[in-house]
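# Coordinates in review
In case you want the letters, here they are:
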Amino acid sequence: MGDCIVDTTDGVMVIKFNRPERMNSLGGTLLAEFNAALLEGRADDRVRAFVVTGEGRAWNAGADLQAVGSGGANENSKRWNAVDPIGEVGRTILNLRGCDKPTIAAVNGVAVGGGLGFCSAFDIRIASEQARFSTVFIKRALAPDCGLSWFLPRLIGPERASEMFFTGRMVDATEALNMGLVSRVVPHEELMDAALSLARGIANSPPSAMIYTRRALHNSQTATLEQQLEFEWVNQKACLRAPEFQEGVRSFLEKRDPDWSQF
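Remember, it's a predicted structure, so these values are computed and weren't measured experimentally. (Residues numbered from 1 in each chain as written. Predicted model: local features only at pLDDT ≥ 70, side-chain atom pairs only at ≥ 80, totals over all residues. Heavy atoms only, no water.)

## A closer look at helix α4 (residues 87-98)
Residues spaced three or four apart along an α-helix point in a common direction, a consequence of the helix completing one turn every 3.6 residues. Operational definition: We count a stretch as a helix when DSSP gives it H or I for four or more residues in a row; a strand needs E for two or more, and each element gets its number in order from the N terminus. Helices are assigned an expected span. That span is 1.5 Å times one less than the residue count. Classification of residues uses two cut-offs on accessible area relative to the type maximum, computed with a 1.4 Å probe and protein chains only: under 20% is buried, over 50% is exposed, and between them is partly exposed. Two residues form a contact once any of their heavy atoms are found within 4.5 Å.
Here α4 spans 16 Å end to end across 12 residues, near enough to the 16 Å set by a 1.5 Å rise per residue. Taken together, the buried positions of α4 are occupied by Gly 87, Val 89, Gly 90, Thr 92, Ile 93, Leu 96 and Arg 97. Next to the buried residues of α4 lie α1 (30-43), β5 (103-107), α5 (114-120), α6 (148-156) and α10 (207-219).

Spelled out as structure tokens, the structure:
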């Protein structure tokens, strides 16, 4: 069994990090397997949403410092690592953000350091009551990475993000909900049911409109209002030409639920 366990049912691809002995840290083959699953799901029209969770008591604990400290990095990759501008984790973040299908992090336990950066790249975060979050970098004499300095201020505001970065303190699930870091907190044993229920509802949506909606939300983070209005109008014209729109109109006129499974 690999460092990621993948299963697809009812239009939802579930990816489970499977390095519980290392708190699902970003080592081994975890990133390579995650990227392979993500690319497979992006290319499969039957997959309409992703749910990512962790095995054991962690969602993801960031860098595998034990491997780094013991010289576990690939000696043959030193030159590449020296010139690579964003690294494997950075490319994974870009792959995740560039995916046209909604992504949900079902946070079962700790998400700290680079693991919190990874988690912050998802569209939606649902947390178990056992979930905990920390930037932690400052306590390891490190600066933020994995995109966390970009994501966190946008999620919770610059002042709260500064406090988390400067102290490295742990934030529990309730506080994470109150500050807007997660959208929902559920009992631990209900986490996957809640995440899958949300993902299946998303999967049962008009796929083209969902893609354009997600693109619009992501584009809005860096666009001016004028640029966003133009982006929205281009998307809307594409939606009007898509076959799902005709089904939406017919179902409205016929007073029935639309059937999106045909697309």
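What follows continues from the structure just given.
## Comments concerning a negative patch on the surface
To be explicit about the condition: In this analysis, a patch consists of residues with relative accessible area above 30% that form no salt bridge, clustered at 9 Å for like charges and at 5 Å for the nonpolar side chains Val, Leu, Ile, Met, Phe, Trp and Tyr. Only the protein chains shown count as covering a residue, and every accessible area follows the Shrake-Rupley method with a 1.4 Å probe. One speaks of a salt bridge when a side-chain nitrogen belonging to Lys or Arg is within 4 Å of a carboxyl oxygen belonging to Asp or Glu. Counted as positive: Lys and Arg. Counted as negative: Asp and Glu, with His and the chain ends omitted from the count. Throughout, a charge is located at the NZ atom of Lys, the CZ atom of Arg, the CG atom of Asp or the CD atom of Glu.
Negative charge collects at one region of the surface, where Glu 129, Glu 189, Glu 190 and Asp 193 lie side by side. Within the secondary structure layout, Asp 193 lies in helix α9 (residues 191-203). Given the relative accessible area of 57%, Asp 193 is considered exposed.

## Describing the confidence of the model for the protein chain
The criterion, for reference: Values of pLDDT, ranging from 0 to 100, describe the predictor's confidence in every residue of the model.
Here the protein chain averages 93 in pLDDT, and 93% of its residues register 70 or above. Below a pLDDT of 50 lies the segment residues 69-75, which in the model reaches two contacts outside its immediate sequence neighbourhood of four places, other chains included.

## Brief notes about the packing of α10 against helix α11 (residues 225-241)
Counted only if it meets this: Helix axes are fitted to C-alpha atoms over the stretch in contact, other axes to C-alpha atoms as well, and angles between N-to-C directions run from 0 to 180 degrees. Angles below 35 degrees are treated as roughly parallel, those above 145 as roughly antiparallel, those between 65 and 115 as roughly perpendicular, and all remaining angles as oblique. Gly is placed with the polar residues, together with every amino acid not listed as nonpolar (Ala, Val, Leu, Ile, Met, Phe, Trp, Tyr, Cys and Pro) or charged (Asp, Glu, Lys and Arg).
One way to put it is that α10 packs onto α11 with a least axis distance of 10 Å and a crossing angle of 175 degrees. Between α10 and α11, the interaxial angle falls into the category roughly antiparallel. Contact residues: α10 offers Ala 209, Tyr 212, Arg 215, Ala 216 and Asn 219, while α11 offers Gln 228, Phe 231, Asn 235, Ala 238 and Cys 239. In terms of residue class, the contact of α10 with α11 is built from six nonpolar, three polar and one charged.

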